[in-house]
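A closer look at the structure
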Amino acid sequence: MTVTGPKGFRAAGVAAGIKASGALDLALVVNDGPEQAAAGVFTRNVVKAAPVLWSQEVLRHKRLRAVVLNSGGANAATGPGGFQDTHATAEKVAELLEAGAIDVAVCSTGLIGERLPMPAVLSGVDAAVKALDSTSESALAAATAVMTTDTKPKQTLRSHEGGWSVGGFAKGAGMLAPNLATMLSVLTTDAVVDPDALDAALRAATRVTFDRLDVDGGTSTNDTVLVLASGASGVTPGLDEFTDVLTAACMDLVQQLRADSEGVTKEVDVVVRGAASEQDAINVGRTVAEDNLVKTALFGSDPNWGRVAMAVGRAQAEIDPGTLSISINGVTLFANGTTAADRSAADLSGRAIEIVIDLGVGASEATIFTTDLSHAYVEENSAYSS
């Protein structure tokens, strides 16, 4: 079990009719308590979808009874009407759970710019409430119902020997560059965690996981990561201990998101070391990860370190060409301003690629998780309309 693995949670995934295909398209996760602490992080895109605006607002009181999510439509750039649709969805869930709309977060994913078919959404909420269960099948249905271009659901469960756990699911295959990743994630825990500690742990976890995933440089209008704590285990872990487990769960989901991203043939770690600051390391890693010339070379299994050097040199960071080195899959190809080895010495024939960039100007480091740029990515995104 995943999102329902921690005690105190039920979930459901139903076909509401939002998608013309008839696939599962509406999910519901409910926290049955005894506690209902919650926290969230959201997209940094200025053009925020109505569900993001709603969920940011309701989380001001740091608790949630439920999260309702739909695929098949992002409800982004839909104006006041789109926000009213989000409010109506939350009210419907609240009515059926005998809660307040302020206790319900809403998430949406899909095509930007179109209103949701509200009769289908509201009837889907009815069906989801009736289908709520704590089984692994219900958790899988919820994880499946949020998929768009994903080819498989992404789920995780991390259990602690102290008698508590963290579970969850995520969706996302393209438009993945969270800057906090179209990406949605719901995490649950039965640990006893107060709301402020939960918020701190989530921000620490996403900073080195979801925030470091960059498939294509596209920061979605809808990116949302939520964590709900039921307290049903009765165990209160230390903040560091809880953060470590939450981070492990987030990292598991990030690796699954990358492995199933649109058109992926290479899974790439861009490791930046020796930076003057962590932000410099992030800036260099993200610039390399988003560079189309680098990404296409990786697709061709070509260890073209010159493209990497070019991308490093245009990053907003302190760079000294004389101390810069670049290694690919364990082979140092460039060091101290000149070629260090024949590029053919680096083998990129496998799926996993590690690019290590040592700036040689400091002690900070960061890793960005990315992919290559393939024919399949271009073809899929040129035809995407639902």
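Residues numbered from 1 in each chain as written. Predicted model: local features only at pLDDT ≥ 70, side-chain atom pairs only at ≥ 80, totals over all residues. Heavy atoms only, no water.

1. Comments concerning the overall build of the protein
In plain terms, the rule: Numbering of helices and strands starts at the N terminus; helices are DSSP runs of H or I of at least 4 residues and strands are runs of E of at least 2. Think of it in three bands: with a 1.4 Å probe and only protein chains considered, a residue is buried below 20% of the maximum accessible area for its type, exposed above 50%, and partly exposed in between. To measure how exposed things are, a 1.4 Å probe is used in the Shrake-Rupley method; for residues, cover is taken only from the protein chains shown. By the counting rule applied here, Lys and Arg register as positive and Asp and Glu as negative, while His and the ends of each chain are not counted. The location of each charge is read from NZ of Lys, CZ of Arg, CG of Asp or CD of Glu.
Helix and strand counts for the protein come out as ten helices and 15 strands. Oriented by its inertia axes, the alpha-carbon framework of the protein measures out at about 70 × 45 × 35 Å. Of all 386 residues assigned to the protein, the portion counted as buried reaches 56%. Entry remark: accessible area of the protein is about 14,100 Å², with carbon and sulfur atoms responsible for 50%. Positive and negative side-chain charges in the protein, numbering 28 and 46 respectively, have mean positions lying 3 Å apart.

2. Structural notes on the pairing of strand β7 (residues 164–171)
Put simply, the test is: The pairing criterion is simple: DSSP has to find at least two bridges between the two strands.
With eight of eight residues buried, β7 is to be regarded as a mostly interior element. Side chains W164, V166, G168 and A170 project from β7 onto one buried face, and the interleaved S165, G167, F169 and K171 project onto a second face that is buried too. Strand direction decides the pairing type here: strand β6 (residues 154–160) and β7, joined by seven bridges, are antiparallel. Its bridge partner lying in β7, Q155 is registered against F169.

3. Considering helix α9 (residues 305–313)
Operational definition: Think of the arc as the fan of directions from the helix axis to the C-beta atoms. Two residues qualify as a contact provided that any one of their heavy atoms is within 4.5 Å of a heavy atom in the partner residue.
Along α9, the positions that sit buried rather than exposed are W305, V308, A311 and V312. Taken around the axis of α9, the buried residues stretch over an arc of 115 degrees, which confines them to a single face. Where the residues of α9 are buried, they touch α7 (278–290), α8 (292–299), β11 (325–328), β12 (331–335), β13 (338–339) and β14 (352–358).

4. Quick word on the domain arrangement of the protein
Where interface size is given, it is often the accessible area lost as the parts come together that is meant. Rules: All the domain ranges listed were derived from an automatic or database domain assignment. Summed over both partners, buried area is the accessible surface (1.4 Å probe) that two parts give up on being assembled. When a carboxyl oxygen of Asp or Glu lies within 4 Å of a side-chain nitrogen of Lys or Arg, that pair is called a salt bridge.
When the domains of the protein are assigned, the result is domain 1 (9–260) and domain 2 (267–381). Distance between the C-alpha centres of domain 1 and domain 2: 32 Å. In this assembly, 18 residues from domain 1 lie in contact with 18 residues from domain 2. Interface area for domain 1 against domain 2, summed over the two sides, is near 1,400 Å², with a carbon-plus-sulfur share of 41%. The largest share of the area that domain 1 buries against domain 2 comes from R212, D214 and R258, three residues that together contribute 51% of it. Counting every contact that joins domain 1 to domain 2 gives five salt bridges.

5. What about the sheet that holds strand β2 (residues 26–31)?
Defined as follows: Whenever a helix is involved, its axis is fitted only over the stretch in contact; in every case the axis is a line through C-alpha atoms, and angles between N-to-C directions fall within 0 to 180 degrees.
Sheet architecture is open: four strands sit in the order β1-β2-β4-β5, paired in mixed fashion. Each edge of the open sheet is held by one strand with a lone partner, namely β1 (9–14) and β5 (104–109). Each adjacent strand pair in this sheet contributes to an overall mean axis angle of 10 degrees, direction not counted. As paired elements, β1 and β2 share six bridges and run antiparallel to each other. If you follow V14 over to β2, its bridge partner there is L26. Contacting β2, β4 (66–71) and β5, helix α2 (residues 79–97) runs over the sheet at an angle of about 130 degrees to β5.

6. Some remarks on unusual backbone geometry
Following G33, the chain continues to P34 via a peptide bond in cis, the omega torsion being 25 degrees. As for its placement among the helices and strands, P34 is situated in the loop between β2 and β3 (37–42). With phi around 60 degrees, A77 is a residue other than glycine that occupies positive phi space. Summarising the element assignment, A77 is placed in the loop between β4 and α2. For N329, which is not glycine, the phi torsion reads 50 degrees and is therefore positive. In this structure, N329 sits in the loop between β11 and β12.

7. Considerations on the packing of α2 against helix α3 (residues 118–131)
Definition in use: The labels follow the angle: roughly parallel below 35 degrees, roughly antiparallel above 145, roughly perpendicular from 65 to 115, and oblique for the rest. Throughout, a crossing is termed right-handed when the near helix is turned clockwise from the far one, and left-handed when it is turned anticlockwise from it by less than a right angle. Amino acids outside the nonpolar list (Ala, Val, Leu, Ile, Met, Phe, Trp, Tyr, Cys, Pro) and the charged list (Asp, Glu, Lys, Arg) are all regarded as polar, and Gly is one of them.
For the pair α2 and α3, interaxial distance at closest approach is 10 Å and the crossing angle is 25 degrees. Our classification of the angle between α2 and α3 gives roughly parallel. In this structure, the crossing between α2 and α3 has a hand that is right-handed. Together, D85, A88, T89, K92, V93, L96 and L97 of α2 and M118, V121, L122, V125, D126 and V129 of α3 make up the contact between the two elements. Tallied by class, the residues present in the contact of α2 with α3 amount to nine nonpolar, one polar and three charged.

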